[in-house]
Structure formats: C-alpha cells, structure tokens
Amino acid sequence: MRSLTSLVLVGLVACGDSDPDPLSPREVAFDATVDASGLSEDLVFEIPEGTRSITVVAEGANDALYALGAFALGDGADLVQLPSGPPGAAMQTSYMQEQIGQMPGGLFQSIRLGTFTHVYPYESGQSVIAGTAQLRVASNQPGPVAITIVMPEDDGANVLPLSVYLVSDTIVDPNVPAFTSELDRVFAQAGITVRIDGVERLTGTALEQITDFNEPQESPTSQSAMVPALVADRPNPGLDVFFVEQLPSGVAGLSLGTPGPPIRGSYYFGVIVRGGFQPAEMARITAHEVAHFLALQHVQNRGISGMTYPDPIDDTTPGVDNLMEDGTVLTPGQSFALTRSALLVVP
Ligand SMILES: [Zn+2]
C-alpha cells in the first residue's frame, strides 16, 4: 500500500510539472508546491514571439515570503543564479530585518509577503527571448502556490487606463485639469498617455482612514490591502487608484506592489493616495505610486543596517530630480521599464 501511495504522489507532481493551464497563449497558470528545499518544481511554459514582457505572479500563504528561485527565458539560461541551499533564511533576513526585501542572486527581485510579482525586462539592456522557458518559485515556507504568467504582445501599447475611487464621503474629487495635466506631463516623458476611465465615490467602507502601516511593504491582512476588494467586481481594465482621507503619519501614498500584480481581484491590485494636497502635488504623488506599481523602485533605498540599495536601472542618480525621489523626471531607463507593463493598452 505504501508504495502505491508514493506512485500516485509522484504521478501528481509530474502532472503539475508538465501541464500548465493555458488561459490563452499569452496567459498561463500553474498550481505548484514549494517543498522543504524552499523551491517549487520546475514550471515549463512557452514564450510567444513578439512578447512585450513577462509578468510572473505567485500567490501563496499570507504569512510566507515569495520570489523566483529560478527563471530562464527561451535560451534556457537561469537568470536568478541563487546561492546553493534553501533560500528562506536569506529571504527572511532581507525582508523582515533589513526591510529591503531584495532577493539574492542575479535577477533584481522584490521579495513579497503573500503575493509576489516580477516583471521582466526591467531595464533596457534586457530583452525577451521567445521559446521554451522555465521557472521555480522560492519561499521561506513549504506549501502550495498558484502562479500566473502574463505575456502581453509587443504591440506598442502606450495608454495607461486608471480608475479613480474616492474612499470617503467628503474628500474633493482630485480629477481636475490641474491634476490631470501634471499627471499627463509626467507620464508623457515615457511616451505613455494616461486615460482616467471614471471617478466613483465609495461611502461607508470603514476604510476612509488607513492607520496601520507595515514595513517594508503592506501585508495581505493590512488595512490598505483590504481596499482593492471594495471594487474587485468592477469590469474596468485599468489600474485602481484609491484616494483616502488619511494615511499613517508621513505617508502621502503607497503602492501595494513594487511592481504589483496586474490581476484584478488580487488584494495588492491598486495604489492608495492621501487626498487633500494641491492638484499638482497630488498628481506627483499619484504618478510616483503608479510608477511603483508598474515597474519602478526608488532610485535608492536605505536598509535598517544603513546600507544603501540602488535601483536596477543604470541611468538614475541619487539626489537628482526624479519621480522616484521627490521630483518628477523620468530617465530613459525608467521609461523603458514603465512601457513594459502588462497594464498598458493600445489606444
Ligand atoms: Zn515610493
């Protein structure tokens, strides 16, 4: 009996390896399992010709950290190159202690609690190589993980649809010309046209004032991660931007991912901005948070140890006017990364 059980289990795992659920040629889903080694089985998928970017989303337990343990494009070369041994301890140290959440290895990845997102390419020296690709998910906890891979066509999409929600009875609608013109100006640097699909007021949600804050990023159970569920049933194509009355002290806005999952229904689908600023400043904060969600890191982050961590883009410089510091400029490298986003649509 015992050997029969093993056989059945082996069969199931092998099946999971080779059979992705093809939602469409450009969207693939897998159910995988992270084992005691801290890695999932190898997941094999096809990158079609003419692919703009590859977004990998791994959704697992709320209290587990996720990233990629291996990732190879059509040429078969592993881009992660993890140090040997289980990756969980290093993931935990970078996320929980240093509060940076940078995955070890050769690929720039933001480790994330609950739901992880990676968008490739993230800098202009990288390109998508079509063909048979493979990846493994890494975690600090064994268990099941659901993977979605989105591979939009490289069709010149340059329109960014946004849906605006006012999570308040009282805050003023920020969607006025002084706001939209500045938002347009910032994204025009990357050749992106912002399209606001609508403004809706959400009342009586009990989420008007967000008071808890998690480092280094919001957790799946935080107040802010409850906000996207308010509109998860809307058919809108774009990214959700929520304006609230209050965020924790010193926080003007937050993105639920850096980058975030381009998947409506995820608790990390959206950015949250504190209302009440002048329109141009509100536009700058909104642009900064949306840029995080699509692709961009801060030009430089500082860990708890005092060590600095630059973004993976080689034409950004700390202390120079930039949207991902306190300014509004986007470099060509940042613009490239933004235009890879699966959230962009053709006009
Ligand atoms: Zn920021």
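Scroll up to find the structure this text is about.
Residues numbered from 1 in each chain as written. Predicted model: local features only at pLDDT ≥ 70, side-chain atom pairs only at ≥ 80, totals over all residues. Heavy atoms only, no water.

## Thoughts on the sheet that holds strand 14 (residues 271–274)
Next up, step 1: Spatially, 11-10-12-14-13 is the arrangement adopted by the 5 strands of the open sheet, whose pairing is mixed. Strands at the two margins of the open sheet, each flanked by one partner only, are strand 11 (193–201) and strand 13 (253–255). Here the average twist between neighbouring strands, direction ignored, is 20°.
Next up, step 2: One ladder, built from 6 bridges, connects strand 10 (residues 159–167) with strand 12 (residues 239–244); its direction is parallel. (Pairing = 2+ DSSP bridges. Helix = DSSP H or I, 4+ residues; strand = E, 2+ residues; numbered from the N terminus. Axes fitted to C-alpha atoms, helices over the stretch in contact; angles between N-to-C directions.)

## Considering the sheet that holds strand 6 (residues 112–113)
Next up, step 1: Ordered in space as 3-8-5-6, the 4 strands form an open sheet in which the pairing is antiparallel. Every other strand in the sheet has two partners, leaving strand 3 (43–47) and strand 6 as the edge strands with one partner each.
Next up, step 2: Examined bridge by bridge, strand 3 and strand 8 (residues 131–139) share 5 bridges and lie antiparallel to one another. Counterpart to Leu43 in the pairing with strand 8 is Leu135.
Next up, step 3: Strands in contact with helix 2 (residues 88–97) are strand 5 (65–72), strand 6 and strand 8; relative to strand 5, the strand with the most contacts, it is inclined by about 125°. (Contact = heavy atoms within 4.5 Å.)

## So, the pattern of salt bridges
Next up, step 1: Scanning the entire structure with this criterion turns up 9 salt bridges.
Next up, step 2: For the salt bridge of Arg195 with Asp197, the shortest nitrogen-to-oxygen distance reads 2.7 Å.
Next up, step 3: For Asp197, a relative accessible area of 35% gives the class partly exposed.
Next up, step 4: Linking Asp233 and Arg234 is a salt bridge whose minimum nitrogen-to-oxygen distance equals 2.9 Å.
Next up, step 5: Members of the salt-bridge network, linked through shared partners, are Glu200, Asp233 and Arg234. (Salt bridge = Lys/Arg side-chain N within 4 Å of Asp/Glu carboxyl O. Buried < 20%, exposed > 50% of the residue type's maximum accessible area, 1.4 Å probe, protein only.)

## Considering the coordination of the zinc ion
Six octahedral donors around a metal ideally subtend angles of 90 or 180 degrees, whereas four tetrahedral donors ideally subtend 109.5 degrees.
Next up, step 1: Here the zinc ion is held by His288 (NE2), His292 (NE2) and His298 (NE2), and the distances to it run 2.0 to 2.1 Å.
Next up, step 2: Motif for the zinc ion, donor spacing along one chain: H-x3-H-x5-H. Of the two residues, His288 is situated in helix 4 (residues 279–294) and His298 in the loop between helix 4 and strand 15 (300–302); the sequence distance between them amounts to 10 residues.
Next up, step 3: You can call His288 buried: its relative accessible area is 9%.
Next up, step 4: Accessibility expressed as a relative area gives 28% for His298, which makes it partly exposed. (Donors = N, O, S within 2.8 Å, 3.2 Å for Na, K, Ca; no water.)

Worth remembering: the numbers are spatial, not functional.
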